[in-house]
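Single-letter residue listing:
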Amino acid sequence: MPSPTQRALARVPPPLRPLLLRHRRLVKFLLVGGLCFLLTVVIDFELKFTVLEHKPVVALTVATVIGTVVSYVLNRRWAFRTGWRRREPLLFALVSAVAIAVNDLPLIVSRYLLDLREPYVGPLAQEIADFLSGMVVGTFVAMLFRFWAVQRWVFTTPPPAPEDGYAATEVPGMSEM
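An account of the accompanying structure is given in this report. (Residues numbered from 1 in each chain as written. Predicted model: local features only at pLDDT ≥ 70, side-chain atom pairs only at ≥ 80, totals over all residues. Heavy atoms only, no water.)

## Comments concerning the overall build of the chain
In terms of helices and strands, the chain carries six helices and zero strands. Listing every helix and strand of the chain by position from the N terminus yields α-α-α-α-α-α. When burial is assessed residue by residue, the chain has 37% of its 177 residues classed as buried. Surface accessibility of the chain: about 10400 Å² in total, with carbon and sulfur atoms responsible for 72%. (Helix = DSSP H or I, 4+ residues; strand = E, 2+ residues; numbered from the N terminus. Buried < 20%, exposed > 50% of the residue type's maximum accessible area, 1.4 Å probe, protein only. Areas by Shrake-Rupley, 256 points an atom, 1.4 Å probe, with all protein chains shown as cover.)

Following this line, the structure appears as structure tokens:
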């Protein structure tokens, strides 16, 4: 019985399969990141439009921390599949703390240095600026930093060997490659 990953790879156009297999750690990291990004957006908006209405940076920080915890669990168990090391959670927390600061920085610049907030701009312009600076730019820059730092300092064991179920010969349609 093929795994869900093997079934998904079977649907990918044949020319792309080797690229995805070669960079599977990055692909998994990006899938986890996409899920955590959606979670962070939902939590950020929920906090920002309710209990933290006048504290957008705090709302983004809280949402990012929650997304980061989910990211740790998913990355450790699926994307990087490493054996547990005693210092791993501490290293992940340190890398994540820096990444959260990196994520917040564009929102801080947008809101408080460029004054893209009420009363200087309308509410819609403020929300668009907040989303673009905090969620898009901040998340993208933090993602680049986090992937580099997590791979370098946290999940340092080598990627799994081909016998983990991702060998090219086990994916339907891959034998012709």
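Next comes the rest of the account.
## Focus: the side chain of arginine 17
Mapped onto the elements, arginine 17 comes out in helix 2 (residues 17–22). According to the relative accessible area criterion, arginine 17 is buried, its value standing at 5%. Only 2.9 Å separates the side chain of arginine 17 from the backbone oxygen of alanine 10, close enough to count as a polar contact. Reaching out from arginine 17, the side chain makes a polar contact with the backbone oxygen of valine 12 at a distance of 3.0 Å. (Polar contact = N/O pair within 3.5 Å; in protein donor to acceptor, adjacent residues only side chain to side chain.)

## Some details on the pattern of salt bridges
Any two side chains of opposite charge can pair, on the condition that their charged atoms come close. Overall, the coordinates contain five salt bridges when judged by the stated rule. The partner of lysine 48 in a salt bridge is aspartate 130, with the nearest N and O atoms 2.9 Å apart. With a gap of 82 residues between them, lysine 48 in helix 3 (residues 24–48) and aspartate 130 in helix 6 (residues 123–154) connect regions that are remote in the sequence. For lysine 48, a relative accessible area of 5% translates into the label buried. The partner of aspartate 130 in a salt bridge is arginine 111, with the nearest N and O atoms 2.7 Å apart. Linking aspartate 130 in helix 6 with arginine 111 in helix 5 (residues 88–113), this pair joins segments that are 19 residues apart in sequence. The two residues aspartate 130 and arginine 111 agree in class, both being buried. Connected via shared salt-bridge partners are Lys48, Arg111, Glu127 and Asp130. (Salt bridge = Lys/Arg side-chain N within 4 Å of Asp/Glu carboxyl O.)

## Points about unusual backbone geometry
Geometrically, the link from glutamate 118 to proline 119 is a cis peptide bond, its omega value of 5° lying close to zero. Structurally, proline 119 can be placed in the loop between helix 5 and helix 6.

## A word on the packing of aromatic side chains
One pass over the full model with this rule turns up six aromatic pairs. Here tryptophan 148 and tryptophan 153 contribute two aromatic rings whose centre-to-centre distance is 5.0 Å and whose plane-to-plane angle is 75°, an arrangement assigned as edge-to-face. By relative accessible area, tryptophan 148 is classed as partly exposed at 45%. Among the aromatic side chains, those forming a connected cluster through ring pairs are Phe45, Phe49 and Phe131. (Phe/Tyr/Trp six-rings, centres within 6.5 Å; stacked < 30°, edge-to-face > 60°.)

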